[in-house]
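Residue-level structure breakdown
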Amino acid sequence: MKRLLLLVCGLFLTASVAFGQGNYLVQPGDSLRIEVLEDSNLNRTVLVTPDGRFAFPFAGSLRASGRTVEQIRRSVVASIKGSFASEPTVFVSVAALSPEDDEEEDELDTINVYFLGEVNTPGLVLVEPGTTFLQGLSQAGGFTNFAATKRVQLRRTDRRTGQQSVTTINYRALSEGASLSRSIRLYDGDVILIPERRLFE
């Protein structure tokens, strides 16, 4: 009976999401809310990075840009179902749209970006609107010798919903020539966290 109730609730929620967001194609900069009924530890809000992808546990990097939430949901299910005894129940919704066209922010003289962890000049850095991640990092003095440059975190809080998204950036790959389809633009209140390198990392 309990399993039937969960199934009915799942179908109702899936139908609601599909009705409200079924035709929308996700874009870089959008935030997605992903929930797994069988394991609440996997529930999180993720940011679609400029290359159109997002990271999710057990799934690695998945493509989101140009897809509907239903297509993304199926992709998540297909990628993580091997970690469950039976196919997991996954819900995907658009938590926040890309702030890329935020005209109010463009009118500011400077925006506040915070650098924490293994960076040479931690704390608040004032940058111009439109500053990219790499440009902001240079203004913070770059990394210390103990920085885990493959695990740099960009933490962004949506001002409308209060939801925080975390994007992991592999700076080492960028420094070795990897490219992005679009630069990662910084926004007011962004936090860049550089963790300490692990042993043998």
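The sections below set out a description of the structure shown in this document.

Rules used in this analysis
- Counting starts from 1 at the beginning of each chain's written sequence and moves along it residue by residue.
- Totals for whole chains, interfaces and linings use all residues, but because this is a predicted model, local features are given only for residues with pLDDT of at least 70 and pairs of side-chain atoms are given and counted only at 80 or more.
- Side-chain figures throughout are based on the complete set of non-hydrogen atoms in the structure, without hydrogens or water.
- When a carboxyl oxygen of Asp or Glu lies within 4 Å of a side-chain nitrogen of Lys or Arg, that pair is called a salt bridge.
- Under the DSSP-based scheme used, a helix requires at least four consecutive residues in state H or I and a strand at least two consecutive residues in state E, with every element numbered from the N terminus.
- The classification of residues rests on relative accessible area computed with a 1.4 Å probe and restricted to protein chains. Under 20% of the type maximum is buried, over 50% is exposed, and intermediate values are partly exposed.
- Two strands make a pair as long as DSSP finds a minimum of two bridges between them.
- Lines fitted to the C-alpha atoms define the axes, with helices restricted to the stretch that makes contact. Angles between their N-to-C directions range from 0 to 180 degrees.
- Whether two residues are in contact is decided by their heavy atoms: any pair within 4.5 Å suffices.
- Two rings from Phe, Tyr or Trp (for Trp, the six-membered ring) form a pair when their centres sit within 6.5 Å of each other. Planes less than 30 degrees apart are called stacked, planes more than 60 degrees apart edge-to-face, and all others tilted.
- Charge over a ring is defined by NZ of Lys or CZ of Arg lying within 6 Å of the ring centre and within 35 degrees of the ring normal.
- Here, expected helix span is obtained from the residue count minus one, scaled by 1.5 Å.
- Each nonpolar core is a collection of buried residues, namely Ala, Val, Leu, Ile, Met, Phe, Trp, Tyr and Cys, held together in the definition by side-chain atoms within 4.5 Å.

Turning our attention to the pattern of salt bridges. Tallied over the full model, the rule gives three salt bridges. Close ionic contact of Glu70 with Arg73 constitutes a salt bridge, the shortest N to O distance being 2.9 Å. One end of the pair, Glu70, and the other, Arg73, are both in helix 2 (residues 69-80), three residues apart, so they sit about a helical turn from each other. Residue class for Glu70 comes out partly exposed when judged on its relative accessible area of 24%. With its nearest N and O atoms 3.0 Å apart, the salt bridge here joins Glu70 to Arg74. On the criterion of helical spacing, the pair formed by Glu70 and Arg74 is a turn pair, its members being four residues apart in helix 2.

It is worth spelling out the sheet that holds strand 2 (residues 44-47) at this point. Strand order across the open sheet formed by three strands is 2-1-5, with antiparallel pairing between neighbours. Single-partner strands in this sheet number two, and they are strand 2 and strand 5 (90-96). Taking the axes of each pair of neighbouring strands and ignoring which way they run, one obtains an average angle of 30° across the sheet. Sheet topology note: the strand 1 (residues 31-36)/strand 2 ladder contains four bridges and is antiparallel. By the bridge assignment, Leu32 is partnered in strand 2 with Val46. Running over the sheet, helix 2 touches strand 1 and strand 5 and is turned about 135° from strand 5.

Spatial ordering of the open sheet is given by 7-6-10-8-9, a layout of five strands whose pairing is mixed. Here the strands that pair on one side only, and so sit at the sheet edges, are strand 7 (123-127) and strand 9 (164-169). If you compare each strand with its neighbour and ignore which way they point, the axes differ by 25° on average. Looking at chain direction, strand 6 (residues 111-117) and strand 10 (residues 191-194) are connected through four bridges and run parallel.

This brings us to the packing of aromatic side chains. Inspection of every chain in the model, using the stated rule, returns one aromatic pair. Judged by centre distance (4.8 Å) and plane angle (70°), the ring pair of Phe143 and Tyr171 falls under edge-to-face. A residue pair is termed long-range when its members are at least 10 positions apart, and Phe143 in the loop between helix 4 (133-139) and strand 8 (152-157) and Tyr171 in helix 5 (residues 171-175) qualify at 28 residues. Given a relative accessible area of 25%, Tyr171 falls into the partly exposed group. Sitting over the ring of Phe56, Arg44 keeps its end group 5.8 Å from the ring centre.

Residues other than glycine seldom take positive phi values, yet Phe58 does so here, at roughly 70°. Mapped onto the elements, Phe58 comes out in the loop between strand 3 (53-56) and strand 4 (60-63). Since its relative accessible area comes to 52%, Phe58 is described here as exposed.

For the rest of this paragraph, the subject is helix 2. Residues spaced three or four apart along an α-helix point in a common direction, a consequence of the helix completing one turn every 3.6 residues. Taking 1.5 Å per residue as the helical rise, helix 2 with its twelve residues ought to reach 16 Å, and the 16 Å between its terminal C-alpha atoms agrees with that figure. Turning to helix 2, its buried residues are Val69, Ile72, Ser75, Val76, Val77 and Ile80.

On to the nonpolar core, then. With 21 residues, the main nonpolar core has Leu32, Ile34, Phe54, Phe56 and Val76 as its most contacted residues. Where this core is concerned, the elements lending two or more residues are strand 1, strand 3, helix 2 and strand 5. Looking at this core, the element that brings in the most residues is helix 2, giving five residues. Ignoring sequence-local partners within four residues, the contact set of Phe56 consists of Ile34, Val36, Leu42, Arg44, Val76 and Ile80.

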